[in-house]
Amino acid sequence: MKNGLLIFSAPSGSGKSTIVNWLMKEHPELKLAFSISCTSRAPRGTEQNGVEYFFLSPEEFKSKIEADEFLEYEEVYQDRFYGTLKSQVENQLAKGESVIFDVDVKGGVNIKKFYGERALSIFVQPPSVEELRRRLVGRNTDAPEVIEQRLAKASYELTFAPQFDHVVVNDDLEKAQQEVYQLVKDFLSE
Ligand SMILES: Nc1ncnc2c1ncn2[C@@H]1O[C@H](COP(=O)(O)OP(=O)(O)OP(=O)(O)O)[C@@H](O)[C@H]1O
Ligand SMILES: Nc1nc2c(ncn2[C@@H]2O[C@H](COP(=O)(O)O)[C@@H](O)[C@H]2O)c(=O)[nH]1
């Protein structure tokens, strides 16, 4: 089995973190390493520095941009930066692991462009924007104004789907997880 890059993108609330976490937990044989991004947003819920994200101040984030440390970065929401460190990805690939990304749609397209055939990009499509709202409210991790900010971007983000290698509709979670597993297994077995 080869090692490669597995990119998951979607509007907020589509379920990409749920699917990525399931894949990593249920399929250790795939040797997947999560690409821990940097963000200038505050931790939410039980999130820990160095596990879900490296939590940086806006100044720390900007100094890494100036030092050209990012493979890609985006201001995904106003004043909230997210970025993938070159060093993270290259260290994980050098260990022979496959690197799995949970990034916004622009980040996903950029990482795929950079790595080409070494990367598999998957767009996780929600059944509808109304369902996204239900999921974000149900997740209970974001303030109402943050949820509105995320939903306001969702229709635009959905237009990025054709730029991905595959679109997986996440309506029935179990079905979506199995579909993703098959795509990843086939890609890493090529
Ligand atoms: N198929 C599904 N049906 C119903 N609920 C789901 C489904 N998939 C995920 N969820 C729930 O929807 C919520 C959002 O999922 P998740 O956090 O994985 O989304 P996300 O795309 O990673 O969002 P973000 O970009 O904000 O991190 C969670 O509470 C999750 O349990
Ligand atoms: N372009 C990038 N987008 C990223 C990165 N890490 C995460 N993200 C995306 O940001 C939004 C919001 O995430 P949340 O944790 O605040 O809910 C979501 O779409 C993530 O996929 C990154 O390194 N680059």
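Since we're looking at a predicted model, the values are computed, not measured.

(A) Quick peek at the layout of surface pockets. One number sums up the size of the largest pocket: a volume of about 1000 Å³. Considering the residues around the largest pocket, the lining is formed by 44 residues, among which Ser-17, Arg-44, Tyr-53, Asp-102 and Arg-139 are closest to the centre. For the lining of the largest pocket, the secondary structure elements donating two or more residues are helix 1 (16-26), strand 5 (70-77), strand 6 (80-85), helix 5 (129-139) and helix 6 (144-158). For the lining of the largest pocket, the element with the highest residue contribution is helix 1, accounting for six residues. Residue composition of the lining of the largest pocket, by class: 15 nonpolar, 15 polar and 14 charged. Three or more residues apiece are contributed to the lining of the largest pocket by two domains, here domain 1 (1-15 + 103-189) and domain 2 (32-95).

(B) How the structure looks around the packing of aromatic side chains. Tallied over the full model, the rule gives nine aromatic pairs. Taking the centre distance of 4.7 Å and the plane angle of 20° together, the rings of Phe-61 and Phe-70 count as stacked. Here Phe-61 and Phe-70 have matching classes, each one buried. Aromatic side chains Phe-61 and Tyr-73 sit 6.4 Å apart centroid to centroid with 70° between the ring planes, which places their arrangement in the edge-to-face category. On the criterion of sequence distance, the pair formed by Phe-61 in helix 2 (residues 58-66) and Tyr-73 in strand 5 is long-range, its members being twelve residues apart. The exposure class of Phe-61 is buried, given its relative accessible area of 1%. A residue is classified by how much of its surface remains accessible, and Tyr-73, at 36% relative accessible area, is partly exposed. Among the aromatic side chains, those forming a connected cluster through ring pairs are Phe-61, Phe-70, Tyr-73 and Phe-81. Between Lys-2 and the ring centre of Phe-187, over which it is positioned, the NZ or CZ distance is 4.0 Å. Here the basic side chain of Lys-153 rests over the ring of Tyr-77, its NZ or CZ set 5.2 Å away from the ring centre.

(C) Inspection of the UniProt feature "binding site: ATP" (unreviewed entry) in the protein chain at higher detail. According to UniProt, the feature "binding site: ATP" (unreviewed entry) maps to Ala-10, Pro-11, Ser-12, Gly-13, Ser-14, Gly-15, Lys-16 and Ser-17 in the numbering used here. Of the annotated set named above, Ala-10, Pro-11, Ser-12, Gly-13, Ser-14, Gly-15, Lys-16 and Ser-17 line the largest pocket. Structurally, Gly-13 can be placed in the loop between strand 1 (5-9) and helix 1. Leaving out residues up to four positions away in the same chain, Gly-13 has contacts with Leu-132, Arg-135 and Leu-136. One can find Ser-17 in helix 1. In this structure Ser-17 comes out as partly exposed when scored by relative accessible area, which is 35%.

(D) Examining the nonpolar core more closely. Counting 21 residues, the largest nonpolar core has Leu-6, Phe-8, Leu-23 and Val-184 as the members making the most contacts within it. Broken down by secondary-structure element, the contributors of at least two residues to this core are strand 1, helix 1, strand 8 (119-125) and helix 7 (173-189). Counting residues per element, this core draws most heavily on helix 7, which supplies seven residues. In contact with Phe-8, other than residues within four places in its own chain, are Lys-16, Ile-19, Val-20, Leu-23, Ile-100, Phe-101, Asp-102, Val-103, Ile-122, Val-124, Val-180 and Val-184. Counting residues in each nonpolar core, the second largest holds eleven residues, with Val-89, Leu-93, Tyr-115 and Ala-119 among its members.

(E) Representation of the site of ligand 1 within the structure. In the vicinity of ligand 1 there are 15 residues, among which Ser-12, Lys-16, Ser-17, Thr-18 and Arg-139 approach most closely. One nitrogen or oxygen atom from the main chain of Gly-13 is found 2.9 Å from an oxygen atom belonging to ligand 1. One nitrogen or oxygen atom from the side chain of Arg-150 is found 3.0 Å from an oxygen atom belonging to ligand 1. Protein contact buries 76% of the 640 Å² of open area that ligand 1 shows by itself. Those elements giving two or more residues to the shell around ligand 1 turn out to be helix 1 and helix 5.

(F) The side chain of Gln-177, seen in detail. Along the polypeptide, Gln-177 turns up in helix 7. Residue classification places Gln-177 among the buried positions, given a relative accessible area of 9%. Sequence-distant contacts of Gln-177, that is, excluding residues within four places in its chain, are made with Thr-18, Ile-19 and Trp-22.

Cut-offs and rules
Residues numbered from 1 in each chain as written. Chains lettered and ligands numbered in written order. Predicted model: local features only at pLDDT ≥ 70, side-chain atom pairs only at ≥ 80, totals over all residues. Heavy atoms only, no water. 1 Å grid on protein atoms, 1.4 Å probe; cavity = no way out; pocket = protein on both sides within 12 Å on 5 of 7 lines; lining within 4 Å. Points joined across faces, edges and corners; volume = space filled by probe spheres on them. Helix = DSSP H or I, 4+ residues; strand = E, 2+ residues; numbered from the N terminus. Nonpolar A, V, L, I, M, F, W, Y, C, P; charged D, E, K, R; others polar. Domains from an automatic or database assignment. Phe/Tyr/Trp six-rings, centres within 6.5 Å; stacked < 30°, edge-to-face > 60°. Buried < 20%, exposed > 50% of the residue type's maximum accessible area, 1.4 Å probe, protein only. Lys NZ or Arg CZ within 6 Å of the ring centre and 35° of its normal. UniProt positions renumbered as here; feature names shortened; annotations may be inferred. Contact = heavy atoms within 4.5 Å. Core = buried A, V, L, I, M, F, W, Y, C linked by side-chain atoms within 4.5 Å. Near = heavy atom within 4 Å. Polar contact = N/O pair within 3.5 Å; in protein donor to acceptor, adjacent residues only side chain to side chain. Areas by Shrake-Rupley, 256 points an atom, 1.4 Å probe, with all protein chains shown as cover.

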